[in-house]
Amino acid sequence: MTDAKAYSNRKLIGLLLLGCVGMFGFGFALVPLYDVLCEKLGINGKTQSTAAEYKAVTIDTSRTVTVEFMAQTQKDMPWVFAPEMKRIQVHPGEVIRTQFHAKNLSAQQIVGQAIPSVSPGQGAAYFHKTECFCFNQQKLDANANAQLPLIFYVDTELPEQISTLTLSYTLYNITDKGYVDDVEQGAAK
Amino acid sequence: MNAITREADMDATHIGEHSTHHEEHPTGIKRWLFTTNHKDIGTLYLWFSFIMFLTGGAMAMVIRAELFQPGLQLVEPNFFNQMTTVHGLIMVFGAVMPAFTGLANWLIPMMIGAPDMALPRMNNWSFWILPFAFAILISSLFMEGGGPNFGWTFYAPLSTAYSPDSTALFVFSVHIMGISSIMGAINVIVTIVNMRAPGMSWMKLPLFVWTWLITAFLLIAVMPVLAGTVTMVLTDKFFGTSFFDAAGGGDPVMFQHIFWFFGHPEVYIMILPSFGIISAIVPAFSRKKLFGYSSMVYATASIAILSFLVWAHHMFTTGMPVFAELFFMYCTMLIAVPTGVKVFNWVATLWRGSLTFETPMLFALAFIILFTIGGFSGLMLAITPVDFQYHDTYFVVAHFHYVLVSGAIFSIMAAAYYWLPKWTGHMYSEKLGKLHFWCSVISVNVLFFPMHFLGLAGMPRRIPDYSIQFADVNQIVSIGGFAFGLSQLIFLVVVIKCIRGGEPAPNKPWDGAEGLEWTLPSPAPYHSFSTPPEVK
Ligand code: HEM
Ligand SMILES: [Cu+2]
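Counting restarts for each chain: residues are numbered from 1 in the order of the written sequence. As they are written, the chains are lettered A onward and the ligands numbered 1 onward, keeping that order. Predicted model: local features are reported for residues with pLDDT of at least 70 only, side-chain atom pairs are reported and counted for 80 or more only, and whole-chain, interface and lining totals are derived from all residues. Values reported for side chains reflect all heavy atoms of the structure, with hydrogen atoms and water molecules removed beforehand.

Caption draft 1: Summary view of the overall build of chain B. Scanning chain B from terminus to terminus reveals 17 helices and zero strands. Radius of gyration here is computed from C-alpha atoms only, and the compact-globule reference equals 2.2 Å multiplied by the residue count raised to the power 0.38. Whereas a compact globule of 536 residues would reach a radius of gyration of roughly 24 Å, chain B reaches 23 Å, a difference of no more than 12%. Projected onto the principal axes, the alpha-carbon positions of chain B cover approximately 70 × 50 × 45 Å. The buried label goes to any residue with under 20% of its type's maximum accessible area, the exposed label to any with over 50%, and the partly exposed label to all in between, with areas taken from a 1.4 Å probe on protein chains only. When burial is assessed residue by residue, chain B has 62% of its 536 residues classed as buried. Residues are treated as being in contact if the distance between any of their heavy atoms lies within 4.5 Å. Summarising the internal contacts of chain B: among those between residues at least 6 apart in sequence, 83% fall at separations of at least 24. Surface exposure here means Shrake-Rupley accessible area, sampled with a 1.4 Å probe, where a residue is shielded only by the protein chains that are shown. Element-wise, carbon and sulfur atoms account for 71% of the exposed surface of chain B, whose accessible area totals about 19200 Å². Secondary structure elements follow DSSP: runs of H or I of four or more residues count as helices, runs of E of two or more count as strands, with numbering from the N terminus.

Below, the structure is given as C-alpha cells:
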C-alpha cells in the first residue's frame, strides 16, 4: 500500500468514525428534542406540571365537553386508586373540582407519583389544572387512605373537533427512587 | 456502459500470476483465527450466518409447535416469549446481516478488482467478536429468570420495568453486534472508495457493490442510534435514569420513536444488498444487459434517504396527531415508488431474454414475485386507518416474513448458488439445488400466506395461545413451517457436497454472467487481483 493510499484510508476512517460518534450523540439528543417538540407542538398528551392561573373570563355555555377520568397503578404499587366520578359534562371556562381516592393496601409507608396524560394529545394544551395532586409526590402510611383533589377547567379555545377529553393518571411507586422534593402527606381521611 | 464487455477488456495475463504470488499462510484453526484474507473471512461469516439460521430456525420450530394447537401444551408462556424474541434477534443480527457481510467480503474485492478488503485486520476483529455476542445472547436463556422476553423490538417498559435480570447481557450482546456491523460497514466503504481498479468508475460499479455501499452508510447512520437505545434501557433498568419511565419524567413512547428511527432503516439494510444480488443474477440468466442500470442506482439511493422519514408507520396506533399520521403514511407510500422502479426494471430485463432456469435464477424469480407480495402487504399496512386493524396481528408477521424470508433469505440462497462454483471450484448438484428450491418455495408459501388471513381475522402476534377458530389455519401454517425448516437441510447437503467435489467449474460457469469475478479462475485464488485489472 502506498503512503498516499494509507493516508486517504486513514482520513476516510476518521470521517466515518466521526459520523458514528455523531450519530451516537444524536440518539441521545433525540431525548431533549422529543420533549421540546412535544411541548411546543403540544402533541403527546403531556399536561403542564405546575398549577395554571385561572384565565378564562367567560364560560362558554353554548358548548359542552365530556371529560373522562381514568386511574391506574403501575406494577409494584399496592394502592387502590380511583376517580370519584368517571365522567362529567363541562362547559369550557367552567371551574370544576373533583377528587381521586387512594388507599395504601400495604403494611409500609409508600411514596407515589401520579403522571397525567390527556387524550387526544392535541387537547392537552387546553386542559388546565389549577390544583392537582400530580404536582407533588404523595406519601401514604400503611393502610392509610386519602382524597386527592383536582381542580381544572377546559380552555374556551379548545378546537372544535374535540368533544371528549380523557384524563388518565398512572400512579407509580417511587418509594425507593429517592425523589424527596416536596412530598405531600396524604391528608384528610 | 455498465461493463458488459468488461472481461473482454481485461488483461488476461494478470490471472496467471496469482498462483505464484502468494505467501505461506498458517493452516488449521490458526488459519481461521488469525486470517485477514477477505475470502477466509467471507467464508467464516457465511458459515456463522448459516449456523445462526439453523439456531434461529430451531426456535421458530418451537414457536410453531406450540401454535400447532390452541391452548398451552409444550412450553411456558414466558419461554414462548423468549423464543419469539431470540428468534427475531438471531435472524436479524445473526443470520441475515452476517450473510450479507460474508457476501460483501467474498465479492466486493473481486468485483472491483482489488486484492483484498482495505482494512484486513479490522475485518478479522469484526468477524470474531460476533460469535461472542451470540454466545452471550443465547446463554442468557439459561440464566435464572430467563433470557430476553420482550420481543426483538424490546419496547420499554417491557425491557425496563418488566424485564428479567439477564437484560444486561442482552444489552451487552447488542453492543457487540453493533460494533461488529459498524466495523464491517467502515471496511466496505473504505474498500469501495479507495480500492477500485483503474477505470472502475462509479457508474461502472456492479449493483451489488452499489447497494452495499449505500447499505454501509445506513449502518453507520443507525447502528450507533441502536447502541444508544440499548444503553438507555440499561441505565433505566439498572442505574435509575428515567429516559422511558414516566414516573421520573420520561416517556415510553419516546422509546418507540428512537427505536424505529433505527428500525426502519434497519429493514432496508436487510434488503438493499438483495437488490444488488438480484440485479446480478437476472441479467445473467436472461442473457441481457440489466435494464435501467442508472435508475437502479438512483432508486437505491432514494430508498435509503426516504427510509429515514417513515419510522412512525410502526407507531400509527400510539395516538399521534392526525398530521403526523398522514405525513408518515404518505412518505411510506412514496418509498413504494423507487421499489417499484426496481421490480419493473427486473421484469424489463426478463422481457424477451433467452431465459434458463438454473437454481440461482429460480430463487431470483421467486424473490421478485414474493418480495412484491410483501411490498403490497406493506402498502396495505401503510394506510393509517387500516393499520389500526392490522397492527400487531399476524398480518404484520406475514408482511415482514415475505420481505425477509422469501425476500432477503431467498436472495442470499440465490447468491450462494450463483457464486458457489467460483468459491469452491466445483459445480453444485443442480438436481439437489432444484429440489431445495421447490421444497422451499412451496413450503414458504404454505407457511406465510395463510398468516395474512389469520391477521385479517384478528389473531394477535407474539401470543402462545389463540382462540379456537384459528386452529385449522395455524395447523397448516405449522406444517409449512416444519417443511420449510427441513428443506433448508437440503441446502446444507448441497453446499457440503459442492465443497467436497463435483464437476470442475470453469472460470465463468454462467454464459450470461458479467463482472470481474468471472475473469478469475475457479476456485478463486487466495489473493485476487494483486495487480489491478484494467477496466475500460
Ligand atoms: C413497499 C415497501 C414497504 C412498506 C410500505 C412497508 C410498510 C410497513 C408497515 C406500515 C409496517 C408496520 C405494520 C404494523 O406494525 O402495524 C411494517 C412492518 C415491518 N416491515 Fe415493512 N414495509 C415495506 C417493506 C419492507 C421491507 C423491504 C422490509 C425488510 C426487508 C420490511 C420489514 C418490516 C418488518 C420487520 C416489520 C415489522 C417490525 C415489527 O413490528 O416487528 N418491510 N412495514
Ligand atoms: Cu418500517
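Caption draft 2: Just the coordination of the copper ion (ligand 2), in detail. Residues and elements named next belong to chain B. For Na, K and Ca the donor cutoff is 3.2 Å, while for all other metals N, O and S atoms count as donors only within 2.8 Å; water does not appear among the atoms, so some sites may look incomplete. Protein-derived coordination of the copper ion (ligand 2) comes from His264 (ND1), His313 (NE2) and His314 (NE2), at a distance range of 1.9 to 2.1 Å. Along the chain, the residues donating to the copper ion (ligand 2) are arranged with the sequence spacing H-x48-H-H. A separation of 4.6 Å is found between the copper ion (ligand 2) and the iron atom of ligand 1. Of this pair, His264 sits in helix α9 (residues 252-269) while His314 is found in the loop between α11 (293-306) and α12 (322-350), placing the two residues 50 residues apart along the sequence.

Caption draft 3: Local environment of the sheet that holds strand β8 (residues 145-154) of chain A. Residue and element names in this part refer to chain A. Any two strands are treated as partners once DSSP identifies two or more bridges connecting them. Strand order in the open sheet formed by four strands is β2-β4-β8-β6, and the pairing between neighbours is antiparallel. Each end of this open sheet is capped by a strand with a single partner; those strands are β2 (79-83) and β6 (127-132). The sheet shows a mean angle of 25 degrees between the axes of neighbouring strands, direction not considered. Bridge count between strand β4 (residues 96-104) and β8: eight bridges; the pairing is antiparallel. Within the sheet, the bridge partner assigned to Ile96 lies in β8 and is Phe152. Geometry is summarised by axes, namely lines fitted to C-alpha atoms with helices restricted to the contacting stretch, and by angles between N-to-C directions that run from 0 to 180 degrees.

Caption draft 4: Inspection of the pattern of salt bridges at higher detail. Each reported salt bridge corresponds to a side-chain nitrogen of Lys or Arg within 4 Å of a carboxyl oxygen of Asp or Glu. Scanning the model with the defined rule gives five salt bridges over all chains in all. In this structure, A:Glu68 engages A:Arg87 in a salt bridge whose closest nitrogen and oxygen atoms are separated by 3.6 Å. In this pair, A:Glu68 sits in strand β1 (residues 65-73) while A:Arg87 sits in strand β3 (residues 87-90), placing the two residues 19 residues apart along the sequence. When the shortest N-O distance is used, the salt bridge between B:Arg31 and B:Asp40 registers 2.6 Å.

Caption draft 5: Here's a closer look at the interface of chain B and chain A. Taken together, the 36 residues of chain B in the interface contact 30 residues of chain A. By buried area we mean the combined loss of accessible area, with a 1.4 Å probe, across both parts when two parts are placed together. Summing both partners gives a buried area of about 2700 Å² for chain B against chain A, and 71% of it is carried by carbon and sulfur. For this analysis, a polar contact is any N or O atom pair within 3.5 Å, provided that within protein one partner can donate a hydrogen and the other can accept it, and provided that sequence-adjacent residues contribute only side-chain to side-chain pairs. Where chain B meets chain A, there are five residue pairs in polar contact (both at pLDDT 80 or more). Elements that contribute at least two residues to the side of chain B that touches chain A include exactly α7 (167-194), α8 (207-238) and α9 of chain B. Classifying every residue of the side of chain B that touches chain A by side-chain character gives 26 nonpolar, eight polar and two charged. Note on residue classes: Ala, Val, Leu, Ile, Met, Phe, Trp, Tyr, Cys and Pro are nonpolar, Asp, Glu, Lys and Arg are charged, and everything else, Gly too, is polar.

Caption draft 6: Expanded view of a nonpolar patch on the surface. Residue and element names in this part refer to chain B. A contiguous nonpolar patch, built from Trp438, Ile442, Val446 and Ile476 and spanning about 380 Å² of accessible area, is present on the exposed surface. Looking at which element gives the most residues to the nonpolar patch, the answer is helix α16 (residues 430-456), with three residues. Structurally, Ile442 is set in helix α16. Only residues whose relative accessible area exceeds 30% and that take part in no salt bridge are eligible for patches, with like-charged residues grouped when within 9 Å of each other and nonpolar side chains (Val, Leu, Ile, Met, Phe, Trp, Tyr) grouped when within 5 Å.

Caption draft 7: Region of the structure containing the pairing of β1(A). Residue and element names in this part refer to chain A. Relative to β3, β1 runs antiparallel, the two sharing four bridges. From the neighbouring strand, Glu68 faces β3, where its bridge partner is Arg87. Sheet topology places β1 next to strand β9 (residues 164-173); eight bridges connect them, and they run parallel. In the sheet register, Val67 faces β9, and the bridge partner there is Leu165.

Caption draft 8: Highlighting the coordination of the iron atom of ligand 1. Protein coordination of the iron atom of ligand 1 rests on one atom only, B:His399 (NE2), at 2.1 Å. With respect to the helices, strands and loops of the structure, B:His399 is situated in helix α15 (residues 394-424).

Caption draft 9: Inspection of the site of ligand 1 at higher detail. All names here are of chain B. Surrounding ligand 1, one finds 23 residues, the nearest of these being Trp152, Asp387, His391, His399 and Arg461. Within the contact set of ligand 1, an oxygen atom lies 2.9 Å away from a side-chain nitrogen or oxygen of Trp152. Between an oxygen atom of ligand 1 and a side-chain N or O atom of Arg461, the distance comes to 2.9 Å. Of all the secondary-structure elements, those providing two or more residues to the shell around ligand 1 are α9, α13 (359-382) and α15. Element by element, the count of residues in the shell around ligand 1 is highest for α13, at six residues. What makes a residue near a molecule or strand is one non-hydrogen atom of that residue sitting within 4 Å of it.

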